[in-house]
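# Commentary on secondary and tertiary structure
Listed below, chain by chain, are the residues.
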Amino acid sequence: MNILQINSSARSWSNGQGSQSTRLANELVERLLAANPGAGRTMRDLTSNPHPALDEATLGALFTPADQRTPEQQARVAQDDALIAELQAADVVVLGVPMINFGVTSQLKNWLDAVARARVTFAYTDKGPVGLLTGKKVYAVLTRGGIHRNQPSDTQVPYLRTMLGFLGMTDVEFVYAEGLAMGPEAETRALDSARAEIARIAVAEGVAA
Ligand SMILES: Cc1cc2nc3c(=O)[nH]c(=O)nc-3n(C[C@H](O)[C@H](O)[C@H](O)COP(=O)(O)O)c2cc1C
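What this report covers is the structure whose coordinates are included nearby. Note that the coordinates shown come from a computational prediction; the quantities given were computed from them, not determined experimentally. Chains are numbered independently. Their residues run from 1 in the order of the written sequence. With pLDDT at 70 or above as the cut-off, local features in this predicted model cover only qualifying residues; side-chain atom pairs require 80 or more to be listed or tallied, and sums for whole chains, interfaces and linings still use all residues. Working from all heavy atoms in the structure, the side-chain values ignore hydrogens and water.

### Focus: the environment of V203
- The topology assignment puts V203 in helix α6 (residues 184-208).
- Note on classification: 1.4 Å probe, protein chains only; a residue is buried when its accessible area is under 20% of the maximum for its type, exposed when over 50%, partly exposed between these limits. By relative accessible area, which is 54% here, V203 ends up exposed.
- Separated by 167 residues in the primary sequence, V203 and N36 place their C-alpha atoms 10.0 Å from one another. In this description a helix means any DSSP run of H or I spanning at least four residues, a strand means any run of E spanning at least two, and both kinds are numbered starting from the N terminus.

### Some points on the pattern of salt bridges
- Any Lys or Arg side-chain nitrogen found within 4 Å of a carboxyl oxygen on Asp or Glu counts as a salt bridge. What the rule picks out here adds up to 13 salt bridges.
- Put simply, K109 and D113 hold a salt bridge, and the shortest N to O gap is 2.9 Å. With a gap of four residues between them, K109 and D113 both fall in helix α4 (residues 106-115), about one helical turn apart.
- In this structure D113 comes out as partly exposed when scored by relative accessible area, which is 23%.
- Taken together, the salt bridges that share partners define one network made up of K137, D171, E173, E197 and R200.

Structure below.
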């Protein structure tokens, strides 16, 4: 089993403080590794190494035939290629997903923009779009200051289901840590509930392996 972990918080996790989504994603991956000795882990930390946005120069590079790209264009496309290769190689993807202003972070958006590549990760056919990244399991760990589950304010879950599904990743499970900014008791309840879910997932993955 090859596990790809994506950290997308604006803040890092170190010395027992900082990003809650990275902290919980770390815990989930460590539980998966314990349940599956021999599994491999690839970490893409978009906090310490943010991916560039999809801008005009990037689109120019992507739409220039490979053999006609300038060295700068080749280097820019290679940055996206590296993310795509990591994702193609993964059996399990663990996403750390903070809520920032009701959406995903710009880091996670940039990653999704990079891995959505026509004819590589999705294709249009006469029957419509087809996702090419099939056979993967995705766990998305959602961290929020407030409570949004099953409410119109939760733009993340429908967006991620649509976007990941478009690329062929239809098996997506969400772990919620909500109410993290609603006082110490609510924070403890949120982390306890997320950890219970993580423990359940690790058992299920261990049985499936
Ligand atoms: C700039 C900023 C915007 C935020 N926007 C929201 C929001 O729209 N809704 C919400 O429930 N929490 C919001 N929060 C709280 C975060 O979701 C919460 O701190 C969460 O732990 C972030 O994940 P992280 O710890 O991995 O960075 C915001 C926090 C910051 C710093």
